[in-house]
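# Architecture at a glance
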Amino acid sequence: MENFEIRFGGSGGQGLQLSARLLADALIREGRKVARSQSYEPTSRGGLSRADLVVAAKRIDYPLITALDVLVLLDQLPVAVSMPLLRPGALVIADARRAGEIPEGDHDLHLLPLSESALALGNERATNIVALGVLAGLGEVCEHDTLETVIRDGVPPRFLDLNLRAFAKGVELGEAGGPGR
Amino acid sequence: MPSQSTARDLQGNQACALGAVAAGCRFYAGYPITPSSEIAETMSVEMPRAGGVFVQMEDEIASLGAVLGASMGGAKAMTATSGPGFSLKQEHIGYGAGAEIPCVIVNVMRGGPSTGLPTRPSQGDIMQSRWGTHGDHSVIVLAPASVPEIFSETIRAFALSERLRLPVIVLYDEVIGHLVETVEIPAPGTVEVADRKWATGAAESFQPYAVTDDLVPPMARPGDGYRTHTTGLTHLESGFPTQEPECVERITRRISGKLVHHRELIESYEAAGCEDAEIVVCAIGISARAARRAVNAARAQGIKAGLFRPITLWPFPESAFKSATASARTIIVAELNAGQLVLEIERLCGGARQVESIARVDGEPIEPAEIEAKIRELSSHG
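The sections below set out a description of the structure shown in this document. None of these values were measured; they are calculated from a predicted model.

Another point: the overall build of chain B. From N to C terminus, chain B includes 13 helices and 15 strands. Principal-axis analysis of the C-alpha atoms gives chain B an extent of 70 × 50 × 40 Å. When burial is assessed residue by residue, chain B has 57% of its 382 residues classed as buried. By sequence separation, contacts in chain B at least 24 residues apart represent 77% of the contacts at least 6 residues apart. Taken as a whole, chain B presents about 15000 Å² of accessible surface, with 51% of it coming from carbon and sulfur. Where the 33 positive side-chain charges of chain B centre and where its 45 negative ones centre are 2 Å apart.

This part takes up the overall build of chain A. Regarding its fold elements, chain A presents 6 helices and 6 strands. Along chain A, from the amino end to the carboxyl end, the secondary structure elements read β-α-β-β-β-α-β-β-α-α-α-α. Radius of gyration (C-alpha) of chain A: 15 Å, near the 16 Å computed for a compact globule of 181 residues. Considered along the principal axes of its C-alpha atoms, chain A spans approximately 40 × 35 × 35 Å.

One can find S82(B) in the loop between β4 (77-81) and α4 (83-98). Not counting the four nearest positions on each side in its chain, S82(B) is found in contact with I33(B), T34(B), P35(B), S36(B), N107(B), V108(B), M109(B) and R110(B).

Residue and element names in this part refer to chain B. In total, this model carries 6 aromatic pairs over all chains according to the counting rule given. Both rings, one in F206 and one in Y226, keep their centres 5.0 Å apart while their planes meet at 55 degrees; by these two values the pair is tilted. Of this pair, F206 sits in the loop between β9 (180-185) and α8 (245-261) while Y226 is found in the loop between β9 and α8, placing the two residues 20 residues apart along the sequence. F206 sits in the buried class, given a relative accessible area of 13%.

Rules behind the numbers
- Residues numbered from 1 in each chain as written.
- Chains lettered and ligands numbered in written order.
- Predicted model: local features only at pLDDT ≥ 70, side-chain atom pairs only at ≥ 80, totals over all residues.
- Heavy atoms only, no water.
- Helix = DSSP H or I, 4+ residues; strand = E, 2+ residues; numbered from the N terminus.
- Buried < 20%, exposed > 50% of the residue type's maximum accessible area, 1.4 Å probe, protein only.
- Contact = heavy atoms within 4.5 Å.
- Areas by Shrake-Rupley, 256 points an atom, 1.4 Å probe, with all protein chains shown as cover.
- Lys, Arg positive; Asp, Glu negative; His and termini not counted.
- Charge placed at Lys NZ, Arg CZ, Asp CG, Glu CD.
- Rg over C-alpha atoms; globule rule 2.2 N^0.38 Å.
- Phe/Tyr/Trp six-rings, centres within 6.5 Å; stacked < 30°, edge-to-face > 60°.

See the structure below:
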């Protein structure tokens, strides 16, 4: 995909803004233009949180999302508000444990054990990085190597090992393609 | 230090702060308020680093007071706020306009009136930015529509303020303020820093408000030995108060005349696809970004649509607008308020063109589809 719109949606504190920033960094390194916007509630944890990217090969006219090509759901909270924004055939990646109820529709749903995989690695907070790995594994949004490089550059050293393992697990889930619809 | 420019992903408010630093700002006083707080946050880091001063004041009124004082002391100075704080600053904006004190005031607009919608976008201060303070006064308002433009227009705000000796306001909405885009940051020391016109020559004959060819009186730099006087009362060239009608008129006309005399320096705008346009959309900030996509979509459908975007909002670029809309039958004004910019456009069109308003007041930005639908509707009615 050259020009596309993607949302990371979940609950405050799940690292959605970090995922969006890392993906944006990777896309910019690949020469794309990116506009990033965010919305969250006035609480430090919990509440609807979302991070949106508008990605283009050239100049971005309108910087906010209007029709999503990719939706990543780490919690049930953003499902209702985000589903109407999907473009027909959009890619939807959802955490099977925390965002398991996804309405039927004209989209390519990948219901995956994102948070379960992070828990198995020892820390549920790495769910956001598992999700990035899935995006790399599916191979439609961003190159694997660029994403891995920005994770290496952008994550605090003491969490790097956990994040790299979370990323690798996500890649594995993505390459398997998930159970599909 | 990098010797070349560097591309950085910045939030609009960070870009504003870094633009100010690049422009030579070395004094910031403010009182944080959403959605402008990141400007104060960034300045609290950048000012000490640049050898400048950051002060968190007790309120918005005192913040601009401190900025005016710092400017008279010779520093390039700035404050930032949002609508409610901007209202509080209005008295001091008038003082800055009357006493001709350079300063930059940033207003990141949120929903109002009063506490309103602190985290939601608005463009409800278009008229407050022009007419908020009392009396006839000169003020320049710049309205960037992207993160790179916030950076460059903040630099321009300092240049105009210093060069013309008046308060300059940078006005943008919450969406642009919190958006993250890539900004090309020039290498340190490569941005031309505007210096104000300082007094030179004999100290005995110095007049702080002397009439000069460019209508901008040189200022006395503290410590240079010039005797100066500043007051909010209407004053003579000497700086002392007067009520003599002919003096009052002369002074008042000179101050307002600065904007006319330097119009070319002040005015900035974007006109896209206007040459043959039947319908021109006029908007600022995030609404102009939506308008650009809508106009492109309309063009792709064969509709002759164009975009006029004032970058200098006040004084409104009148002649550029008139040339850009020469072939237009209809003007659509898209804004996040109940209809403010549309009043200026109606005045400029003088009944000669159909003027339509898209005025959104629900705390959400105008989407491209709304404008595109309006363009199509008005086009088919043609």
